[in-house]
Amino acid sequence: MTTTDIHALVGAYALDAVDDLERAAFERHILACEGCRGEVDELRETASRLADSTWSVPPPQLRTDVLAAIGRTRQLPPGESARPEPDARAAVSRWRRYTAGAAAACILATGAGAATWAVQEQRVRAKNTAVAAAELREARTQAILAAPDLVVRTAPMIGGGRVTVASSAQQAASVVSLRAERAPATDRAFQLWTIRGTEKPVDAGLLPAGEAAAAQVVDGVPGNDIFAVSVEPSTGSAQPTADQIVAQVPLT
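Residues numbered from 1 in each chain as written. Predicted model: local features only at pLDDT ≥ 70, side-chain atom pairs only at ≥ 80, totals over all residues. Heavy atoms only, no water.

**Observations regarding the overall build of the protein**
1) Next: A tally of helices and strands in the protein yields six helices and eight strands.
2) Next: Expressed as a percentage of the 252 residues in the protein, the buried residues total 26%.
3) Next: Sequence-distant contacts in the protein: of pairs separated by 6 or more residues, those separated by 24 or more amount to 58%.
4) Next: Roughly 16900 Å² of accessible area belongs to the protein as shown, and the carbon and sulfur atoms make up 57% of that amount. (Helix = DSSP H or I, 4+ residues; strand = E, 2+ residues; numbered from the N terminus. Buried < 20%, exposed > 50% of the residue type's maximum accessible area, 1.4 Å probe, protein only. Contact = heavy atoms within 4.5 Å. Areas by Shrake-Rupley, 256 points an atom, 1.4 Å probe, with all protein chains shown as cover.)

**Side note on the environment of Arg 179**
1) Next: Along the chain, Arg 179 falls in strand β3 (residues 173–180).
2) Next: On the basis of relative accessible area, Arg 179 is assigned to the partly exposed category, the value being 33%.
3) Next: Between the C-alpha atoms of Arg 179 and Gly 160, which are 19 residues apart in sequence, the distance is 8.8 Å.
4) Next: Setting aside residues no more than four positions away along its own chain, Arg 179 makes contact with Asp 19, Glu 22, Met 157, Gly 161, Arg 162, Ala 212 and Ala 213.

**Topic: unusual backbone geometry**
1) Next: Located in the positive-phi region is Ala 172, a residue other than glycine, with phi close to 55°.
2) Next: With respect to the helices, strands and loops of the structure, Ala 172 is situated in the loop between β2 (161–168) and β3.

**Structural notes on the sheet that holds strand β7 (residues 226–233)**
Sheet strands pair by backbone hydrogen bonding; their relative direction is either parallel or antiparallel.
1) Next: Strand order in this open sheet of four strands is β5-β4-β7-β8, and the pairing throughout is antiparallel. Edge positions in the sheet fall to β5 (202–206) and β8 (245–250), since each of these pairs with one other strand and no more. For this sheet, the mean angle separating the axes of adjacent strands, direction not counted, is 25°.
2) Next: Two strands pair when backbone bridges link them, and strand β4 (residues 188–195) and β5 are joined in this way by four bridges, in the antiparallel orientation. Paired with Gln 191 across the strands is Leu 206, a residue of β5. (Pairing = 2+ DSSP bridges. Axes fitted to C-alpha atoms, helices over the stretch in contact; angles between N-to-C directions.)

This is the structure we're talking about:
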């Protein structure tokens, strides 16, 4: 990331409109940049003043007006039933049908309840597994971004957008943030690659088809020379399509 890029983040940082990678890079930058620190303070003060005249709670008179309107409003009486009162014989017949139906429903519900419980149990387990995996990814991401040797690099994407790579040799991994201005077609996807010297590019992950943004951890990036992004079929490719490479981030 160039010095110009870092300074350009001051407005977005003041309004908390940066991603985790940009925040980590900018917070390291302002430790040594007095000008950016002062500009951030000024922008935050201005933003807070702009909100001074905005109501955050209803006006006090609103409650009084509503209660007064309730007192003046006449309530409608309950409607009369137009149905005739059933005779005793019809009532007994209906009761018998009801009790028979209820017994059958109880029998069916016993079996259905067991099946429903099993499905629900599977859903709970799947959800717990997904939550645990997300927590592990978040912990890994934060460990990389907090590494003392973190290096943040960025490059523009063809067609608009940018790719940011935050690398840590100590963690032997990088956090990659991709934000394209235009999503690929629904049958196409962004595919990530790491490239070392003259070796063949190595697949570093495939984004969901049609998605324009993602952030993920990629292991082993610090030892590579280039990080690249290409547009491939939704199932992915063994090697990047040469004329579909939309971003390259030098890592050395």
